[in-house]
Amino acid sequence: DTAVSQTPKYLVTQMGNDKSIKCEQNLGHDTMYWYKQDSKKFLKIMFSYNNKELIINETVPNRFSPKSPDKAHLNLHINSLELGDSAVYFCASTPEGGEAFFGQGTRLTVV
Amino acid sequence: TQLLEQSPQFLSIQEGENLTVYCNSSSVFSSLQWYRQEPGEGPVLLVTVVTGGEVKKLKRLTFQFGDARKDSSLHITAAQTGDTGLYLCAGESGGSQGNLIFGKGTKLSVKP
């Protein structure tokens, strides 16, 4: 059983399109995150949700909108994609004060 | 904004050599975690250190948390080619909804 699964693994799309990345965790964790990892491998937090409530919203363009229908899911919707959005996006979940479990990542390429 | 400075950013060594990776901050963290990431995969936890001055060993890897809980180091003894990967430190800011903030990572390459 995959603990944190995100789909799709690869996403190639044209500038201006709208796309979504889905994330699900079956660990019963209360907190879920979205991270963006750039070409230099820097892992930067984008959003954090705790029990379906937004906790952290770092300086991210408002074209990015997270949605948490329940505490096991945290999806990321991106409007009007730009070339600079190309990166690997990781979903993660943590129990309170515990280690982060990461999904395998979604490699987004905007052309 | 809490920041974690990780150094060196890149490290290329021969098999059998020792190395140390550093993670420094001006902020205090309730815990500090070290992750290893392989290409095409998400980071995987190696260890969590919680107490100031704590030292944890994982086979050839030794992790240390600074007394003030602002810095940490990862020391690898007699590196092997299988140690190659991206090493990330992450600090937790504390509280019931603590943030997990990552350093920029150290890309380690161990050559045979």
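Residues numbered from 1 in each chain as written. Chains lettered and ligands numbered in written order. Predicted model: local features only at pLDDT ≥ 70, side-chain atom pairs only at ≥ 80, totals over all residues. Heavy atoms only, no water.

## Digging into unusual backbone geometry
In step 1: Residues Thr7 of chain A and Pro8 of chain A are joined by a peptide bond in cis, for which omega reads 0 degrees.
In step 2: Here the bond from Ser7 of chain B into Pro8 of chain B is cis, since omega is -10 degrees, no more than 30 degrees from zero.
In step 3: Locating Pro8 of chain B in the fold gives a position in the loop between strand 1 (5-7) and strand 2 (10-14). (Helix = DSSP H or I, 4+ residues; strand = E, 2+ residues; numbered from the N terminus.)

## Describing the layout of surface pockets
In step 1: The space that makes up the second largest pocket amounts to roughly 290 Å³.
In step 2: A breakdown of the residues in the lining of the second largest pocket according to their chemical character gives six nonpolar, eight polar and six charged. (1 Å grid on protein atoms, 1.4 Å probe; cavity = no way out; pocket = protein on both sides within 12 Å on 5 of 7 lines; lining within 4 Å. Points joined across faces, edges and corners; volume = space filled by probe spheres on them. Nonpolar A, V, L, I, M, F, W, Y, C, P; charged D, E, K, R; others polar.)

## Looking at the side chain of Gln6 of chain A
All names here are of chain A.
In step 1: Considering the arrangement of structural elements, one finds Gln6 in strand 1 (residues 4-7).
In step 2: Side-chain polar atoms of Gln6 contact the backbone nitrogen of Cys91, separated by 2.9 Å.
In step 3: Reaching out from Gln6, the side chain makes a polar contact with the backbone nitrogen of Gly105 at a distance of 3.2 Å.
In step 4: Not counting residues within four places of it along the chain, the set of residues in contact with Gln6 comprises Ile21, Lys22, Cys23, Trp34, Tyr89, Phe90, Cys91, Gly103, Gln104, Gly105 and Thr106. (Polar contact = N/O pair within 3.5 Å; in protein donor to acceptor, adjacent residues only side chain to side chain. Contact = heavy atoms within 4.5 Å.)

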